[in-house]
Amino acid sequence: MKKRIISTLLLSTVLLSTAASLTTVSADTTDSKIAQQDKTISSAQSAKADAQSKMSSLQSSVDSLKSKQAKAQAQLDETVKQAEQLSKQIASLRESIKERSVAIEAQARSAQVNSSATNSITTVLDSKSLTDAIQKVVAMATVSGASQQMLQQQQDEEKSLQSKLVEMQKNVGMYDKLNNDLAAQAKELSDQQAQLKVATINYQLTITTAEGKKSALLAEKATAEAAAKKAAEAQAAYQAQQKTAQAQSTTVNSNSSSSNSGSSSNSNSGSSSSSNSGNSNSGSSSNNGGSSSSNNGGSSSSNNGGSTGSTGGGSTNTGNGYVSFMGGTASSNNYAYQNCTWYVWNYFRDVYKTYLPSSLGNGADWAYSLPGTSKHAGAIVSFPGGTYIQFVGGGGFTTASPYGHVAVVTAVYSDGSYQIYSGSTAGVDSYHVSASTPATFVSGGK
């Protein structure tokens, strides 16, 4: 019993050490993933900042272009307004020139019809004095010249206004083109801004996603670290229990040695006494029984259940068609009589001439107490407690919890199913087990 406890403690220590190792590997992997998410977040934040900087720069350019566009539009509007005023002035001037031209033409025709030259002489002759005559001639010449001069000025002014109008019309076209160019540039920059805004949103989504993954990884890491701490604490507790169990085992072995010495002494005494009385065989048999009780440490009760009736390699029928060979102390079966572990231990001894350890625990414990192996004829199969063992073709049974069940594989088929030799208090049977049944295959030396 003490050996079984020590075996379980040692196994638990190995499992905890393995779990701690796996936790470390998992932590290393998680740290690597967290570092990768940090790198992704940093890269996305840098790209986002760059995009936002470019957006700000573009916004400054857009604002400048819009300001220029506003000035160009104002100049365009002013130039159009001036051009309209010039057009009105030219139209008014042309009307005045037309009227003046008509008046001059009328004077010319009147002079031709009324013989203006004769009238001029008459006017001079009718003058009261020479001074009066000169004044009248000068007055007539002045009126005629003034009309011609005014007409010429109006014509010159019309040409000047027309020239200005042409220039303003050129300016209107220039400002209109400038305005359109500025609007096109502003639109192009606005489009770039929109693209950068989309990129910024995508970078933010990347950052948010990476931060979410990082949070999940940090939570996973925290859970793993808590599990590792718990495993370390459990390992320390098991190590303490192991030391205690080993100390108890040493005490038990010491007491057992003392008991064996006493038993040996009693046997010799009994033998001698029996020899003197003439019942040597009977006395020897009785003493052997006493020795068996001392050596087995309380396990002879199961042996006395019908399986140890023979010494020196005899056999006893279990009542289930299975013959158990009991060949001495080294081959003693310490497992509960006619339980699954008892049958498997006997099977290996009788079929493979192999003595399995006597402290492997319940059927479910054999999965951890023996080295793993492949699924093959001669392997031991261990089923956890509460497992439903599914038979090929239907049917099956559920193993007791938490004890589980153990059996021997006698054949393996191409579909992964396998045949088992299985014993229990109900007897021995052979079952065809489905490959889907949860099980662990371990080696018993075969």
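Residues numbered from 1 in each chain as written. Predicted model: local features only at pLDDT ≥ 70, side-chain atom pairs only at ≥ 80, totals over all residues. Heavy atoms only, no water.

1. Side note on the nonpolar core
- Core analysis: the biggest nonpolar cluster contains 17 residues, and Val344, Phe348, Leu356, Trp366 and Ile380 have the highest contact counts within it.
- Broken down by secondary-structure element, the contributors of at least two residues to this core are helix 6 (340–352) and strand 6 (405–412).
- Top element by residues in this core is helix 6. It accounts for 7 residues.
- Residues in contact with leucine 356, not counting those within four places in the same chain, are Val344, Trp345, Phe348, Trp366, Ile380 and Gly444. (Core = buried A, V, L, I, M, F, W, Y, C linked by side-chain atoms within 4.5 Å. Buried < 20%, exposed > 50% of the residue type's maximum accessible area, 1.4 Å probe, protein only. Helix = DSSP H or I, 4+ residues; strand = E, 2+ residues; numbered from the N terminus. Contact = heavy atoms within 4.5 Å.)

2. A closer look at helix 6
- Here helix 6 contains 13 residues, and its C-alpha end-to-end distance of 17 Å stays within 8% of the 18 Å for a straight helix at 1.5 Å per residue.
- Counting buried positions along helix 6 yields 11 of 13 residues, so the element is predominantly enclosed.
- Listed as buried for helix 6 are Cys340, Thr341, Trp342, Tyr343, Val344, Trp345, Asn346, Tyr347, Phe348, Arg349 and Asp350.
- Phi for lysine 353, located one or two positions after helix 6, is positive at around 55°. (Expected span 1.5 Å × (residues − 1).)

3. Concerning the environment of serine 215
- Relative to the elements of secondary structure, serine 215 occurs in helix 3 (residues 130–277).
- Sequence spacing of serine 215 and glutamine 37 is 178 residues, and the spatial spacing of their C-alpha atoms is 9.8 Å.

4. As for unusual backbone geometry
- Here serine 401 and proline 402 are connected by a cis peptide whose omega angle stands at 10°.
- Positionally, proline 402 belongs in the loop between strand 5 (396–398) and strand 6.
- Despite not being glycine, glutamine 338 has its phi angle at roughly 60°, a positive value.
- Mapped onto the elements, glutamine 338 comes out in the loop between strand 2 (323–325) and helix 6.
- The exposure class of glutamine 338 is buried, given its relative accessible area of 11%.
- Look at lysine 353: it is not a glycine, yet its phi comes out positive at around 55°.
- Position of lysine 353 relative to the elements: it lies in the loop between helix 6 and helix 7 (366–369).

5. Structural notes on the pairing of strand 7 (residues 418–424)
- With respect to burial, strand 7 is a largely interior element, 6 of its 7 residues being buried.
- Pairing between strand 6 and strand 7: 4 bridges, direction antiparallel. Its bridge partner being in strand 7, alanine 411 is matched across the sheet by glutamine 419.
- Linking two consecutive strands that pair antiparallel, namely strand 6 and strand 7, is a turn of 5 residues; a positive phi of about 95° is found at glycine 416 within it. (Pairing = 2+ DSSP bridges.)

6. Details of the pattern of salt bridges
- The final tally for this structure, using the stated rule, is 6 salt bridges.
- In this structure, the salt-bridge partner of aspartate 38 is lysine 214, at a minimum N-O distance of 2.7 Å. Of this pair, aspartate 38 sits in helix 1 (residues 2–113) while lysine 214 sits in helix 3, and the two are 176 residues apart along the sequence.
- With a relative accessible area of 31%, aspartate 38 lands in the partly exposed category.
- Lysine 177 serves as the salt-bridge partner of aspartate 181, at 3.1 Å between the closest nitrogen and oxygen. Separated by 4 residues within a single helix, aspartate 181 and lysine 177 lie in helix 3, roughly one turn from each other.
- For aspartate 181, a relative accessible area of 33% gives the class partly exposed. (Salt bridge = Lys/Arg side-chain N within 4 Å of Asp/Glu carboxyl O.)

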